[in-house]
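Residue-level listing of the chains:
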Amino acid sequence: MSYLGPTFIQIVHEEALTCAGCAAVLGGRADMAAAICDLPHALKIAAGETPERCDLLIADYTSALALALTARQAARRQVMRCPRILVLTAMDREWDVRAAMEADPKVLIMGEDV
């Protein structure tokens, strides 16, 4: 088995404590590199407009919808560097989940109380 290096993660969440906690826990692992970014930078990452590597974006619900739509548009332009998106949210209504999945079928949703 070959080792491809760490998984690069960017965190953009409306709750500063959630950002800090995710960055601390994930960044403490040898197989992950985590950093906090703002939404404009995350949108550039989702659009494939930055040279930096990002394998996963962790975002709140509202930010994740914007990121998913941007990633979908980038995929139409055949940008190959679109990261996966993990939605970390307390929203659990069926409509919220459906809207996120329709924005991008590769979006993963995780509740904050998990």
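For the structure, check the block above.
Everything in this summary refers to the structure shown in the same document.

Calculation criteria
- Residues numbered from 1 in each chain as written.
- Predicted model: local features only at pLDDT ≥ 70, side-chain atom pairs only at ≥ 80, totals over all residues.
- Heavy atoms only, no water.
- Buried < 20%, exposed > 50% of the residue type's maximum accessible area, 1.4 Å probe, protein only.
- Helix = DSSP H or I, 4+ residues; strand = E, 2+ residues; numbered from the N terminus.
- Pairing = 2+ DSSP bridges.
- Expected span 1.5 Å × (residues − 1).
- Polar contact = N/O pair within 3.5 Å; in protein donor to acceptor, adjacent residues only side chain to side chain.
- Right-handed = clockwise from strand over helix to strand, strands pointing away.
- Disulfide = S-S within 2.5 Å.
- Contact = heavy atoms within 4.5 Å.
- Salt bridge = Lys/Arg side-chain N within 4 Å of Asp/Glu carboxyl O.

**Brief notes about the pairing of strand β3 (residues 56–59)**
Then, number 1: Taking every second residue as pointing to the same face, both faces of β3 are buried, with Leu56 and Ile58 on one and Leu57 and Ala59 on the other.
Then, number 2: Relative to β3, strand β1 (residues 7–12) is paired through four bridges, and the arrangement is parallel. Residue pairing for β3: Val12 is matched across the bridge by Ala59.
Then, number 3: Sheet topology note: the β3/strand β4 (residues 84–89) ladder contains four bridges and is parallel. Note on β4: the bridge partner recorded for Ala59 is Val87.

**Some thoughts on helix α3 (residues 61–76)**
Then, number 1: Taking 1.5 Å of rise per residue, 16 residues should cover 22 Å, and α3 covers 23 Å from first to last C-alpha, within 8% of that figure.
Then, number 2: One side-chain oxygen at the N-terminal end of α3 lies 3.3 Å from the backbone nitrogen of Thr62; it belongs to Asp60.

**Side note on the pairing of β1**
Then, number 1: Two strands pair when backbone bridges link them, and β1 and strand β2 (residues 32–36) are joined in this way by five bridges, in the parallel orientation. Considered in β2, the bridge of Gln10 is made with Ala35.
Then, number 2: Read as a crossover between parallel neighbours, the route from β1 over helix α1 (residues 16–27) to β2 is right-handed.

**Overview of the state of the cysteines**
Then, number 1: For the structure on display, the rule yields zero disulfides.
Then, number 2: This cysteine, Cys22, is not joined by any disulfide, and Cys19 carries the nearest cysteine sulfur, 7.2 Å off.
Then, number 3: Cys37 takes part in no disulfide bond, and the closest cysteine sulfur, belonging to Cys54, lies 7.2 Å away.

**Considering the environment of Arg53**
Then, number 1: Among the structural elements, Arg53 can be located in the loop between α2 (39–46) and β3.
Then, number 2: For Arg53, a relative accessible area of 41% translates into the label partly exposed.
Then, number 3: The spatial distance from the C-alpha of Arg53 to the C-alpha of Pro83 is 8.8 Å, given a sequence separation of 30 residues.
Then, number 4: In this structure Arg53 touches Leu4, Pro6, Thr7 and Phe8, once residues within four positions along its chain are discounted.
Then, number 5: A distance of 3.1 Å separates a polar atom in the side chain of Arg53 from the backbone oxygen of Pro6.
Then, number 6: Side chain to side chain, Arg53 and Asp55 meet in a polar contact 2.9 Å long.

**Section: the pattern of salt bridges**
Pairing is possible between side chains of opposite charge, provided their charged atoms come close.
Then, number 1: On inspection of all chains with the given rule, the structure shows two salt bridges.
Then, number 2: As a salt-bridge pair, Arg29 and Asp31 come within 2.8 Å of each other at their nearest N and O atoms.
Then, number 3: Note on Arg29: relative accessible area 42%, which makes it partly exposed.
Then, number 4: Judged by its relative accessible area of 30%, Asp31 falls in the partly exposed class.
Then, number 5: Between Arg53 and Asp55 there is a salt bridge, with its nearest N and O atoms 2.9 Å apart.

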